[in-house]
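# Chains, contacts and geometry: an overview
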Amino acid sequence: MMQFMLLFSRQGKLRLQKWYVAHPDKLKKKITRELITTILARKPKMCSFLEWRDLKIVYKRYASLYFCCAIEQEDNELLTLEVIHRYVELLDKYFGSVCELDIIFNFEKAYFILDELLLGGEIQETSKKTILKAIAAQDLLQEDEAVEGALRDIGLLRKHRKVSLTTMALDNHNRLT
Amino acid sequence: MNASEHGFNPAFNMATIKQAVNEAIERVRMPTPMRLRDLIRQIRAARTAAEERSVVNKECAYIRSTFREEDSVWRCRNIAKLLYIHMLGYPAHFGQLECLKLIASSRFTDKRIGYLGAMLLLDERQDVHLLITNCLKNDLNSTTQFVVGLALCTLGAIASPEMARDLAGEVERLMKSPNAYIRKKAALCAFRIIKRVPELMEIFLPATRSLLSEKNHGVLITGVTLITEMCENSPDTLNHFKKIVPNLVRILKNLILAGYSPDHDVSGVSDPFLQVKILKLLRVLGRNDADASEAMNDILAQVATNTETSKNVGNTILYETVLSIMDIKSEGGLRVLAVNILGRFLLNNDKNIRYVALNTLLRTVHVDTSAVQRHRSTILECLKDPDISIRRRAMELSFALVNSQNIRTMMKELITFLEKADPEFKAHCSSSIVMAAERFAPNKRWHLDTLLKVLVGAGNYVRDDVISSTIQLISESTNQQSYMTLQLYKALSEDLMDKQPLIQVAVWAIGEYGDQLLQASIDDDSGITPPTEEQVIELYQKLLWSPQNTTVTKQYALMSLTKLSTRFTVTTNKIQQIVSSFCSSLHIELQQRGVEFSQFFGKYSHLRPSLLERMPPMEVVRQTGETHTNGDIENDSKTPEESPQHVNSDSNALLDLLVDFGGTAPAPPQPAPTTTSNKVDLLDLFNEMDNIDTPALQTLPPTDTNLGLIVENNNGSLPIVINQNSNFIGGDLLSNTKTGVNEKDVPTITAYDKDGLKMCFSLEKVPDSNTLTINMVATNLTLSAMTDFLFQAAVPKTFQLQMMSPSGTVMGPNGQITQVLRVTNPNRSTLKMRIRLSYTVDGNPVQIQTEVNNFPTEIWD
């Protein structure tokens, strides 16, 4: 089972963290800091695996981002590389040639995609198409709500909230982004 | 904004305009919150950490205020911002309850962000997370599949035992849902629930079996994962699932034979994720079961031969297949096939594959040594790999492959490796070579040559045990002494930078066998001639004056030189001159030796020959099993580390020596009964430590034990122990050499060093535990005796401290007291220790209290 996944930049800035085990915040920070320094110090020629405490660390760099996973002793480290690659492919498809900035500004989307690929630290879906369809459908749900909200705002639907002239054009999904 | 529910007519009238104006005023007072995008931009624009902090603090203050005002319109956006801030490392716990409110909202957008926040901000350590159980229960019953999906995903990530118990029934129901999207998520949730609360497994069993009859790969892979967990959980379930082996074999076969399916294809391999999971489950089912293994032999062979190996994904499957073949009761031919796959991996261009191969070979080497032996040359090649992780694995594997047949060739490679190895390898590698040589050496001459090469190759990285075992071996092999002394002399005359251990061994040998050195027969192949007395003395002069040599080395050299005065004939005067020149050495240890040894040349010169006689051969009880080849079952349990037997015999030899030499055995330390410390003072000790109210503290009165003698004498690596009572040659040489000769790589810290009292801790982590053993050695460096010595220690209350009884309470000049402490650190926090020392010197009581903060933190890793 994967214990956690971290995404961080070459500058050592954390971009995404997904924990499948319960640790206190302080320990999470310590582990993150420790791994980021260790991995950034490794030379590009070195292999992608580290033995760290009783875990195996598998990491791979894609452009300016490092993807780093901690797996247990009996897990297959080569498969973990494939999981990372699959995740990168999904991000790439979703954002259209993904870059670090996409993940910074849409970090919640990056989490949503990861949650369709892995659940509780194990792979839940192996088809890229199915994952992207599920994400698209959920995004659509959000947009429908936004449109509905906007219609309600301008009074075409029975509204639930009090609105003013100035917020008429405001569309609901702005609330998030 | 407070929502008051009024109808709104798009037609403008005075009332609405008025209302709009009012709203606008309100808005100015309470502006629209900053958008997430803008916050991220602002934070990224911050040029200094302080600037970033101020942006974040301002925004956090604002978000807090909106939370207080129960602003539900912007809650979603504010939580999203908070999650970004949390990722930067700022505290965000105040958003926990707000996440719950979002989850309870009916809007999907709110739920999506709410659950994301819950997964990031809550875990089972937070009490708030129990409140989420109800929301989850509601959403698990939702009619929207994506809402159910969010709830399942969250449950899978943060399920605590209580939550698992409360929601197991819901999850079981969803495992039977007609919707594959929900079924697969429910299966993994069940997997997490069983991981947390194994006894909940029963309720999932009926629903699990049918997961395997699916076509959908998502459901299949999650089902296989769930079954694997169940099988590892209980032997009964394992037996229950034995009957699915044919199903699994069929699924795997279909995967291999199926044509191209764009949905599940990864560079030409059909769903490697599913294949690997099935192979893993087969391994679990086939372990120790001949019938089940028989049923999967064919498919494993098929996977092993048919998988495309040009890409990482093919190798991923092969790797898993090899693990399965090695673990089940597979056919011999299949095992050879598996080891050959690993052999091919070793030649792969991809360093990850090479690393995996070495790792796996290391795990399987004990199962099938001869098959691994066939790839020896490839493994030795990996010693030259540019990747340090691979070199480390290759080194470990090489040592596992050494046996009496291949020792000569293997050692040749390993010594070459040692010479070029990175410093971090040298200590481990040299000790391993010594161990291997001890077990498999074809003859004494070869063994000695190997040790010499280690001393030359590893230089200062040689561990102290190598010095003593080399000296012991030379002393034992009487017919090789002249040869070895000559070789060592030759090595000495070459480059000596950073080779203190070599010098120490060499001067010891020359001191003992100096007479033989001069008459050494010229070896036909070595082509070196024995030196003259003058040449030897000249070399000693160089050694003794060189600033690069440590004091310990010089002590060895001075002792050895004094011995040479009885072995050499014409240079005695020169030797006397050199020795007496140390009477004024600035270093007290050397000066003392200079003065003492000078006495041998004056008034007591008639005693000199008998005092400096050659030492009797030091015999060691060899460990049995030298004839075993590496990898034999009997040796499996034996790691190629130092055997305790050896240690014992070493100290026995030292004890024998003591008796032989001194005539009388030195008296064991005289412990005096100590009065127990007074309670009030101890409390002071506690109170002064930060954030501690009741730390663990123990003091034990010292007990009289003969073990103390062994411990003390074992400290010296030099076998020239002489009656301690006469304090003339040996004593301080012993106490000055590093403590813990027989322990490897033990970090030592100086806890206290003042007013002639020095206290060192050598730290030794008990493997696979949180316990640290601290060997305390206190040394009296003053000229007066210290009596009533009492050592007390206190640690923060998160630690547990156990103190053994000290070796004594009295330290004469240069005397020592040792005491063992055990510290357990369940939290792996940084160790701090407050210590108190009390003793009486020259009738004056002394009390010292100090804190030891320089424990290395990496010791707990």
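First, a word on scope: everything that follows refers to the structure included in this document. Because the structure is a prediction, the values reported are computed rather than measured. Note that residues are indexed from 1 along each chain, following the sequence as it is written. All chains are assigned letters beginning at A, and all ligands numbers beginning at 1, according to the order in which they are written. For a predicted model such as this one, the threshold for reporting local features is a pLDDT of at least 70, and the threshold for listing and counting side-chain atom pairs is 80 or more; totals across whole chains, interfaces and linings nevertheless cover every residue. Values shown for side chains rest on all heavy atoms present in the structure; no hydrogens or waters enter the calculation.

## Considering the overall build of chain B
Note the following rule: Where helices and strands are cited, they refer to DSSP runs of H or I of at least four residues and of E of at least two residues respectively, numbered from the N terminus. To sort residues, take the accessible area from a 1.4 Å probe on protein chains only and compare it with the maximum for the residue type: under 20% means buried, over 50% means exposed, and anything in between is partly exposed. Residue contacts are counted whenever heavy atoms from the two residues lie within 4.5 Å of one another.
Across its full length, chain B carries 38 helices and 10 strands. The burial tally for chain B puts 56% of its 861 residues in the buried class. Expressed as a percentage of contacts within chain B between residues at least 6 apart in sequence, the contacts between residues at least 24 apart total 68%.

## Some points on the packing of aromatic side chains
The test is simple: By convention, a stacked pair of Phe, Tyr or Trp rings (six-membered ring in the case of Trp) has centres within 6.5 Å and planes under 30 degrees apart, an edge-to-face pair has planes over 60 apart, and any other such pair is tilted. Two thresholds decide whether a charge sits over a ring: the Lys NZ or Arg CZ must be within 6 Å of the ring centre and within 35 degrees of the ring normal.
This structure, assessed with the given rule, holds 18 aromatic pairs over all chains. The interplanar angle of 90° and the centroid separation of 5.0 Å between the aromatic rings of Tyr94 of chain A and Phe95 of chain A together place this pair among those described as edge-to-face. Note on Tyr94 of chain A: relative accessible area 26%, which makes it partly exposed. Among the aromatic residues, those joined into a cluster by ring pairs are Phe8, Tyr59 and Tyr66 of chain A. Arg112 of chain B extends its terminal NZ or CZ atom over the ring of Phe112 of chain A, reaching a point 3.9 Å from the ring centre. Across the ring face of Tyr483 of chain B, the terminal group of Arg445 of chain B is positioned such that the distance to the ring centre comes to 3.5 Å.

## Observations regarding empty space enclosed by the protein
To be explicit about the condition: In the cavity and pocket records, a cavity denotes points on a 1 Å grid over the protein atoms alone where a 1.4 Å probe fits but cannot get out, a pocket denotes an open set with protein on both sides within 12 Å along at least 5 of 7 lines, and lining residues are residues with an atom within 4 Å of a point. Grid points are joined across faces, edges and corners, and a volume is the space filled by probe spheres set on the points.
Under the criterion given, the structure shown has 13 cavities of 30 Å³ or more. Approximately 180 Å³ is the volume found for the largest cavity. Residue lining of the largest cavity: 17 residues in total, with Asp75, Leu79, Thr80 and Glu122 of chain A together with Lys277 of chain B positioned closest to the centre. For the lining of the largest cavity, the secondary-structure elements that each account for two or more residues are α2 (77–95) and β7 (122–123) of chain A together with α15 (272–286) of chain B.

## Concerning the sheet that holds strand β4 (residues 55–62) of chain A
Residue and element names in this part refer to chain A. Rule in force here: Pairing between strands is defined by DSSP: at least two bridges between the two strands are required. Here the axes come from fitting lines to C-alpha atoms, over the contacting stretch only for helices, and the angles between their N-to-C directions go from 0 to 180 degrees.
Reading across from one edge, β2-β1-β5-β4-β3 is the order of the 5 strands in this open sheet, with antiparallel pairing throughout. Of all strands in the sheet, those with a lone pairing partner are β2 (14–19) and β3 (49–52), marking the two edges. Between one strand axis and the next, the sheet turns through 20° on average, direction left out of account. With 7 bridges joining them, β4 and strand β5 (residues 65–71) adopt antiparallel strand pairing. Looking at the pairing, Tyr59 lines up with Cys68 of β5. Across the sheet, α2 touches β1 (2–9), β2, β3, β4 and β5, and the angle it forms with β4 is around 35°.

## Describing the interface of chain B and chain A
The condition that has to hold: Polar contacts here mean pairs of N or O atoms no more than 3.5 Å apart (in protein, one a potential hydrogen donor and the other a potential acceptor; neighbouring residues in sequence count only if both atoms are side-chain atoms). Each residue is assigned to one class: nonpolar for Ala, Val, Leu, Ile, Met, Phe, Trp, Tyr, Cys and Pro, charged for Asp, Glu, Lys and Arg, and polar for all the others, Gly among them.
Tallying the contact residues gives 90 residues for chain B and 82 residues for chain A. The interface formed by chain B and chain A includes 24 residue pairs in polar contact (both at pLDDT 80 or more). Among the elements that take part in the side of chain B that touches chain A, helix α10 (residues 180–196) of chain B stands out by supplying 8 residues, more than any other. Looking at side-chain class alone, the side of chain B that touches chain A contains 39 nonpolar, 22 polar and 29 charged residues.

## Looking at unusual backbone geometry
Positive phi is not limited to glycine here, since Ser97 of chain A has a value of about 40°. Along the chain, Ser97 of chain A falls in the loop between α2 and α3 (100–105). Ser97 of chain A gets classed as exposed once you look at its relative accessible area, which sits at 56%. For Asn814 of chain B, which is not glycine, the phi torsion reads 65° and is therefore positive. Mapped onto the secondary structure, Asn814 of chain B falls in the loop between β7 (800–803) and β8 (816–824).

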